[in-house]
Amino acid sequence: MKSSSVRILGLGAFVPEKVLTNFDLEKMVDTSDEWIRTRTGIQERHIAEPGTAASDLGAKAALEALAQANLKATQIDLIIVATATPDMTFPSTGCVIQQKIGAVCPAFDLSAACSGFVYGLSVAEAYIRSGLHKHILVIGTEITSSFIDWKDRATCVLFGDGAGAAVLGVSDKGPELLGSYLGSDGEQADILKVPAGGSALPLTSENIKEGLQYLKMSGGDVFKIAVRTMDEAIQKICQCAQITPAQIDCLIPHQANLRILQAVADRVKLPIEKVFINVERYGNMSAASTVVALYEAAKFGKLKNGQHVVLVAFGGGLTWGANIIRW
Ligand code: COA
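In the annotation of an unreviewed UniProt entry, the entry for the chain reads Beta-ketoacyl-[acyl-carrier-protein] synthase III, and the organism field reads Candidatus Abzuiibacterium crystallinum. Looking at the Catalytic activity (unreviewed entry) heading of the UniProt record, one finds this comment for the chain: "malonyl-[ACP] + acetyl-CoA + H(+) = 3-oxobutanoyl-[ACP] + CO2 + CoA".

Below, the structure is given as structure tokens:
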């Protein structure tokens, strides 16, 4: 499974200061704190001020990860930015962050929606194992508030803005990335998407009037497939590391909905206490979600040396995947 040890050398996270609570949302759409909490577990989310770009959050998270790794930006060989809300169509948010942090290396964006950070770790792992790059910065950053229809109560209560970053590299100490597993199914593309703004449906005043620049979701379908595919990803990544799901010490899932996390824990027969949960404070931060959860689990002392830590995610595409780390 491995030719050289790929380690996590540093982690960082950044969320905007402004907090939007369920009570604030009660004043904006026909909803209630009780509905949002019981259906999703979310109590509040952070929302960026207008004029803030995904690269602003991502650069801040990246600088913290670099400081933790004790590396200068100029020592990074590659930047991978997972985002569904890039600063613009091009240049990539990766290039913008490269300039903001003072790195001198190739940089690109990776599009896998909420699974983006899990995909990013897998790509970084492959590059490092191949010997092509030594130090890679993987960033998940999102201004989800930019694709939300703030009049649509079915979606606007679910999402939040934020960023997280990890520096990966070859080292003989630190948490070791043992392997990754990825899946996707374009047949299900329509159940979770932002229809307009790309080459298939460029922005026009007509489709803006119809609200096609906003996220559209078939919530019930997404819920069911999220549970099934995250279960599958956990089983596959455990096979890859030759452990059983019962041997996972900490599961760090994409934080979309507390009920999804409870259903996944039930399916893999993992006590909920072994699942790291912060959805109540951030909502769904898309590609930033798993990395911010990993950052907090480490910061709060939840991860101990030698433990098996599994990241698992699901998102539009559809995409899903998992990474396993020996802490
Ligand atoms: N406040 C109050 N009522 C709301 C509401 C809100 N914010 N959003 C929807 N409702 C209403 C619906 O209109 C519906 O009303 P109706 O029965 O009169 O038609 C009712 O609540 C029930 O809706 P339903 O869709 O059955 O609720 P649910 O229990 O399935 O929960 C989600 C809805 C969206 C929370 C749930 O389906 C979900 O989390 N799906 C996954 C979404 C996700 O994670 N997406 C991102 C993946 S990366």
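What follows continues from the structure just given.
The number of helices and strands found in the chain is 11 helices and 13 strands. Expected size for 327 residues packed as a compact globule is a radius of gyration near 20 Å; at 19 Å, the chain falls within 12% of this value. With the principal axes as the frame, the chain shows a C-alpha extent of 55 × 45 × 35 Å. Out of the 327 residues belonging to the chain, those deemed buried represent 56%. The contacts of the chain with a sequence gap of at least 6 include a subset with a gap of at least 24, amounting to 75%.

Looking now at the nonpolar core. In terms of nonpolar packing, the biggest core is built from 45 residues, with Ile 234, Ile 248, Leu 251 and Phe 314 touching the most fellow members. Here this core takes 9 residues from helix 8 (residues 219-240), the largest share from any one element. Three or more residues apiece are contributed to this core by two domains, here domain 1 (6-174) and domain 2 (178-326). If we skip the residues at most four places from it in the chain, Ile 248 touches Ile 234, Cys 238, Ile 243, Leu 270, Lys 274, His 308 and Val 310.

Aromatic ring pairs are described here by two measures, namely the spacing of the ring centres and the angle between the planes. Under the definition given, this model contains 2 aromatic pairs. Both rings, one in Phe 147 and one in Phe 159, keep their centres 6.2 Å apart while their planes meet at 85°; by these two values the pair is edge-to-face. Of this pair, Phe 147 sits in the loop between strand 6 (135-142) and helix 6 (153-156) while Phe 159 sits in the loop between helix 6 and strand 7 (162-170); the two residues are 12 residues apart in sequence, bridging distant segments of the chain. As far as the burial class goes, Phe 147 and Phe 159 line up, both buried. Here Phe 276 and Phe 300 contribute two aromatic rings whose centre-to-centre distance is 6.5 Å and whose plane-to-plane angle is 45°, an arrangement assigned as tilted. One end of the pair, Phe 276, is in the loop between helix 9 (258-267) and helix 10 (279-282); the other, Phe 300, is in the loop between helix 11 (289-299) and strand 12 (308-315), and 24 residues separate them in sequence. Under the relative-accessibility criterion, Phe 276 is labelled buried at 7%.

This part covers the site of the ligand. Every one of the 22 residues lining the ligand counts as a neighbour, but Thr 31, Arg 153, Gly 219, Asn 257 and Arg 259 are closest to it. Thr 31 is positioned such that a nitrogen or oxygen atom in its side chain is 2.7 Å from a nitrogen atom of the ligand. The contact in question runs from an oxygen atom of the ligand to an N or O atom on the side chain of Arg 259, over 3.1 Å. Protein coverage of the free-state accessible area of the ligand, which is 980 Å², stands at 68%. Among the secondary structure elements, those contributing two or more residues to the shell around the ligand are helix 2 (33-40), helix 6, helix 8 and helix 9.

Criteria and cut-off values
Positions within a chain are numbered from 1, following the residues in the order the chain's sequence is written. Reporting in this predicted model follows two pLDDT cut-offs: at least 70 for local features of residues, and 80 or more for side-chain atom pairs to be given and counted; totals over whole chains, interfaces and linings ignore these cut-offs and use all residues. Each side-chain value is derived from all of the structure's non-hydrogen atoms; neither hydrogens nor water enter the calculation. UniProt positions are given in the numbering used here, feature names are shortened, and annotations may be inferred rather than shown by experiment. Put simply, DSSP H or I for four residues or longer makes a helix, DSSP E for two residues or longer makes a strand, and each gets a number counted from the N terminus. Radius of gyration here is computed from C-alpha atoms only, and the compact-globule reference equals 2.2 Å multiplied by the residue count raised to the power 0.38. To sort residues, take the accessible area from a 1.4 Å probe on protein chains only and compare it with the maximum for the residue type: under 20% means buried, over 50% means exposed, and anything in between is partly exposed. Note on contacts: a residue pair is in contact if any heavy atoms of the two residues lie within 4.5 Å. What we call a nonpolar core is a set of buried Ala, Val, Leu, Ile, Met, Phe, Trp, Tyr and Cys residues that are connected through their side-chain atoms within 4.5 Å. Here the bounds of each domain stem from an automatic or database domain assignment. For this analysis, a ring pair means two rings from Phe, Tyr or Trp (six-membered ring only for Trp) whose centres lie within 6.5 Å, classed as stacked if their planes differ by under 30 degrees, edge-to-face if by over 60, and tilted for the remaining angles. Here a residue counts as near a molecule or strand whenever at least one of its heavy atoms sits within 4 Å of it. By the criterion applied in these results, polar contacts are pairs of N or O atoms within 3.5 Å in which, for protein atoms, one can donate a hydrogen and the other can accept it, and in which residues neighboring in sequence qualify only through two side-chain atoms. Here the open area of atoms and residues is found with the Shrake-Rupley method and a 1.4 Å probe, where only the protein chains shown may cover a residue.

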